[in-house]
2 protein chains.
Amino acid sequence: MGKCEQCIIKQFNSLKTLSQEELIRISECKTSRVVKKGEVIFEEGDSLKGIYCIREGICKLTKLSSNGKDQIIKLVVKGELIGQRSLVSDESVNLSAVALNDMEVCFIPKSEIMNDLQKNTAFTFDVLKEMAMDLKEADDIIVNMAQKSVRQRLAETLIYINDNFGTKSDGTLSVLLSREDFANIIGTATESTIRVLSQFKKEDLITTIGKQIKIIDLEGLKRVE
Amino acid sequence: MGKCEQCIIKQFNSLKTLSQEELIRISECKTSRVVKKGEVIFEEGDSLKGIYCIREGICKLTKLSSNGKDQIIKLVVKGELIGQRSLVSDESVNLSAVALNDMEVCFIPKSEIMNDLQKNTAFTFDVLKEMAMDLKEADDIIVNMAQKSVRQRLAETLIYINDNFGTKSDGTLSVLLSREDFANIIGTATESTIRVLSQFKKEDLITTIGKQIKIIDLEGLKRVE
DNA sequence: TTATGAATATGACATATATCATATTTCAAA
DNA sequence: TTTGAAATATGATATATGTCATATTCATAA
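Numbering of residues begins from 1 in every chain and follows the order in which that chain's sequence is written. Each chain is given a letter, starting from A, and each ligand a number, starting from 1, according to the order in which they appear as written. Local features are withheld for residues below a pLDDT of 70 in this predicted model, meaning they are given only at 70 or higher, and side-chain atom pairs are given and counted only at 80 or more; totals for whole chains, interfaces and linings count all residues. Side-chain numbers come from the whole structure's heavy atoms, not from hydrogens or water.

An unreviewed UniProt entry lists chain A under the name Crp/Fnr family transcriptional regulator, from Yeosuana aromativorans.

1. Comments concerning the protein's contact with DNA strand D
Being near a molecule or strand, for a residue, means having at least one of its heavy atoms within 4 Å of it. Around DNA strand D sit 16 residues in total, of which A:Arg195, A:Ser198, B:Val150, B:Thr188 and B:Ser192 are the nearest. Protein-proximal atoms of DNA strand D, defined as those within 4 Å of the protein, fall in sugar or phosphate at a share of 57%. Measuring from a phosphate oxygen of DNA strand D, one finds a side-chain N or O atom of B:Ser192 at 2.5 Å. For the surface near DNA strand D, the secondary-structure elements that each account for two or more residues are helix 7 (190–202) of chain A together with helix 7 (190–202) of chain B. We define a polar contact as two N or O atoms separated by no more than 3.5 Å, with the added condition that, inside protein, one atom must be a possible hydrogen donor and the other a possible acceptor, whereas residues neighbouring each other in sequence contribute only through side-chain atom pairs. The way it works is that DSSP assigns letters per residue, a run of H or I at least four long becomes a helix, a run of E at least two long becomes a strand, and they are numbered from the N terminus.

2. Considerations on the sheet that holds strand 7 (residues 96–99) of chain A
Residue and element names in this part refer to chain A. Strand pairing requires that DSSP identify at least two bridges connecting the strands. With respect to topology, 4 strands assemble into an open sheet ordered 2-7-4-5, the strand pairing being antiparallel. Edge positions in the sheet fall to strand 2 (40–42) and strand 5 (70–77), since each has one partner strand and no second. Geometrically, the sheet is characterised by an average inter-axis angle of 30 degrees between neighbouring strands, direction not taken into account. By the bridge criterion, 7 bridges tie strand 4 (residues 58–64) to strand 5 in an arrangement that is antiparallel. Its bridge partner lying in strand 5, Leu 61 is registered against Lys 74. Angles here are taken between N-to-C directions and fall from 0 to 180 degrees, while the axes themselves are lines fitted to C-alpha atoms, restricted in helices to the stretch in contact.

3. Points about the protein's contact with DNA strand C
Residues in close proximity to DNA strand C total 16 residues, the closest being A:Val150, A:Thr188, A:Ser192, B:Arg195 and B:Ser198. A:Thr188 is positioned with one of its side-chain polar atoms (N or O) 2.4 Å from a phosphate oxygen of DNA strand C. Contact between DNA strand C and A:Glu191: a base nitrogen at 3.3 Å from a side-chain N or O atom of the residue. Of all the secondary structure elements, the ones that give two or more residues to the surface near DNA strand C are helix 7 of chain A together with helix 7 of chain B. Sorting elements by how many residues they give to the surface near DNA strand C places helix 7 of chain B first, with 5 residues. Under the grouping applied here, Gly and all other residues not named as nonpolar or charged are polar, the nonpolar ones being Ala, Val, Leu, Ile, Met, Phe, Trp, Tyr, Cys and Pro and the charged ones Asp, Glu, Lys and Arg. Taken together, the residues of the surface near DNA strand C break down into 3 nonpolar, 5 polar and 8 charged.

4. Section: the nonpolar core
Nonpolar cores are built from buried Ala, Val, Leu, Ile, Met, Phe, Trp, Tyr and Cys residues. Side-chain atoms within 4.5 Å join them into one set. Buried means the residue's accessible area, taken with a 1.4 Å probe over protein chains only, is under 20% of the maximum for its type, while exposed means over 50%, and partly exposed covers the values in between. Ranked by size, the top nonpolar core spans 90 residues in total, and within it A:Ile41, A:Ile82, B:Ile41 and B:Ile82 carry the most contacts. We call two residues in contact whenever any of their non-hydrogen atoms come within 4.5 Å of each other. Discounting chain neighbours no more than four positions away, the residues touching A:Ile82 are A:Ile41, A:Phe42, A:Ile51, A:Tyr52, A:Ile54, A:Cys59, A:Leu61, A:Val76 and A:Ala97.

5. So, the interface of chain A and chain B
Counting from both sides, the interface comprises 40 residues of chain A and, opposite them, 40 residues of chain B. Buried area between chain A and chain B, summed over both chains or domains, comes out near 3900 Å², and the portion from carbon and sulfur atoms is 70%. Only one rule defines a salt bridge in this text: a Lys or Arg side-chain nitrogen within 4 Å of an Asp or Glu carboxyl oxygen. For the pair chain A and chain B, the number of links is 4 salt bridges. Residue B:Lys136 is joined to A:Glu91 by a salt bridge in which the shortest nitrogen-to-oxygen separation is 3.3 Å. Within the residue set of the side of chain A that touches chain B, elements represented by two or more residues are strand 5, helix 2 (84–89), helix 3 (110–119) and helix 4 (121–147) of chain A. Of all the elements, helix 4 of chain A adds the most residues to the side of chain A that touches chain B, at 21 residues. What gets called buried area is simply the loss in accessible area from a 1.4 Å probe that two parts show on being joined, summed for both.

6. A look at the pattern of salt bridges
All names here are of chain A. Scanning all chains against the criterion turns up 32 salt bridges over all chains. We note a salt bridge from Glu 80 to Lys 74, for which the minimum N-O separation is 3.1 Å. For Lys 110, the salt bridge goes to Asp 90, with nearest N and O atoms at 3.2 Å. With Lys 110 in helix 3 and Asp 90 in the loop between helix 2 and strand 7, the pair connects residues that are 20 residues apart, well separated along the chain. Take Lys 110: its relative accessible area is 28%, and that puts it in the partly exposed class. By relative accessible area, which is 56% here, Asp 90 ends up exposed.

7. Thoughts on the relation of the copies chain A and chain B
When chain A is fitted to chain B, the residual RMSD is 0.0 Å, and the transformation amounts to a turn of 180 degrees plus an axial shift of 0.0 Å. Taken together, the turn and the small shift mark the pair as related by a two-fold rotation axis. Looking at chain A, 100% of its interface residues are interface residues in chain B too, so the copies touch through the same face. Here the copies were fitted onto each other by least squares, based on C-alpha atoms from residues at pLDDT of at least 70 in both.

8. A closer look at the UniProt feature "domain: HTH crp-type" (unreviewed entry) in chain A
UniProt positions are given in the numbering used here, feature names are shortened, and annotations may be inferred rather than shown by experiment. As annotated in UniProt, the feature "domain: HTH crp-type" (unreviewed entry) corresponds to residues 148–219 of chain A in the numbering used here. End C-alpha to end C-alpha, residues 148–219 of chain A measures 18 Å, and it is 54% helix and 11% strand.

9. Notes on the packing of aromatic side chains
Aromatic ring pairs are defined here through the distance separating the ring centres and the angle between the ring planes. All names here are of chain A. For Phe, Tyr and Trp, rings pair up if their centres lie within 6.5 Å, where Trp contributes its six-membered ring, and each pair is then called stacked (planes under 30 degrees apart), edge-to-face (over 60) or tilted (otherwise). Across all of its chains, the model carries 6 aromatic pairs over all chains by this definition. The interplanar angle of 35 degrees and the centroid separation of 5.9 Å between the aromatic rings of Phe 42 and Tyr 52 together place this pair among those described as tilted. Pair noted here: Phe 42 is in strand 2 and Tyr 52 is in strand 3 (residues 50–56), with a separation of 10 residues, a long-range link. For Phe 42, a relative accessible area of 4% puts it in the buried group.

10. Some points on helix 4 of chain A
Any helix carries an expected span of 1.5 Å times its number of residues minus one. Here helix 4 of chain A contains 27 residues, and its C-alpha end-to-end distance of 39 Å stays within 8% of the 39 Å for a straight helix at 1.5 Å per residue. N-cap assignment for helix 4 of chain A: the residue whose side-chain oxygen lies 3.0 Å from the backbone N of A:Ala122 is A:Asn120.

11. Some details on the packing of helix 5 (residues 150–165) of chain B against helix 6 (residues 179–186) of chain B
All names here are of chain B. Where helix 5 contacts helix 6, the axes come no closer than 10 Å and their chain directions differ by 110 degrees. Looking at the two axes, helix 5 sits roughly perpendicular to helix 6. Relative to helix 6, the crossing made by helix 5 is right-handed. Between helix 5 and helix 6, the contacting residues are Val 150, Arg 153, Leu 154, Thr 157, Leu 158 and Ile 161 on the first element and Phe 182, Ile 185 and Ile 186 on the second. When grouped by side-chain class, the residues that make up the contact of helix 5 with helix 6 number 7 nonpolar, 1 polar and 1 charged. When an angle is under 35 degrees it counts as roughly parallel; over 145 it counts as roughly antiparallel; between 65 and 115 it counts as roughly perpendicular; any other value is oblique. Handedness of a crossing is defined here by the sense of rotation of the near helix relative to the far one, left-handed for an anticlockwise turn of less than a right angle and right-handed for a clockwise turn.

As structure tokens, then:
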């Protein structure tokens, strides 16, 4: 199994602040796991026994609304940690994590992480910093949900995915989502999402190849009202 | 001026984890200030030079949407800290803080807080814990905004205020908000808020005395769809 | 007390979005 | 390759909510 102290993935998250010895200790108790597309990593309500470091792939963090619909709160990619919030506040997880493609994740037991959180201020501070960023993003999402139209939210979601996760060689968005996933991100009906995508096509803002989406007028998308 | 080490307010926030010496140091550099109803404590985009501890009163944290409307993200009351997120991520604040009634706040300079964040793990961890709670609440708000009707969101807001901030002796909600404030919390037009409040009155879920609101059927409000 | 502007309230209408029905396409399994 | 289920697409219609106009009430200063 790979060694944490040599793993380049940790550069992208708070684990980078840990010392060589701390990383070796983690390396000795961590477990690695392959998660197939569609598989659940953890589910809302689970009590987590540790956190996950994503070595490969993408997953969605979702929350079930009381009306039975799933809301996607965040997309999480290679390099990021998931499960910290629940560990820190010592509660069951408030979100489910579901793989959007085949993934490889490392599981680090709670005891090891909590130990580092108690002894390594730099680590704690970095986790805090990341959470502060998450909170700011959440605030932005609240405003968007409350104040913007479905058209605007879909345009911004496409731009967000383009800017943060990039495109494939053919120009299509590298994160492949179903229309239903898009609907669950922007908080609307699947049909509405499909309809607005059709409008965007007619307006030459995007093209689609099957379920793949290619942005052809990024500036135009930014101007969508 | 009051002394932090003797102040009971700190029991309600992360400052409680600080040592006597740390509190005395803070006490020596903090400043106290009265904020009148409607006054701005800080504004979106400001770079904060410290954090605020609320000794008395209530304020709203708002964010301006690109369409020009204010969204209220959170109500903050006596005992809580504001400004930590911005300090931690070393960015300008992403929210404005506006007094909803006359307040008394203490300002603690950045340098002092950052010093404690670097040296006192218990303090850092407690700030982290609070932020984890904020993040969870934000996730809940996102789901509500995305999936629930204005009617449901207003009902839940009334319940939230009732449960978290209580009522006066006459039974009216102790946090007094304008209809516009309610609209800005639930992300709707002021007229819609007023209309739904009228419906609630007709359905004997609430009564109003001027702008004051009194819940008369809490269970009924919980069942609103 | 009266006067005046702001907040609250309500109606009429416009519009965005949801819902339900039904094609059509895509893709994987047989 | 064929087949069937799931995903995508589009139409028709219902409904919630926004917008604009206009009363009405309330609070506060003069």
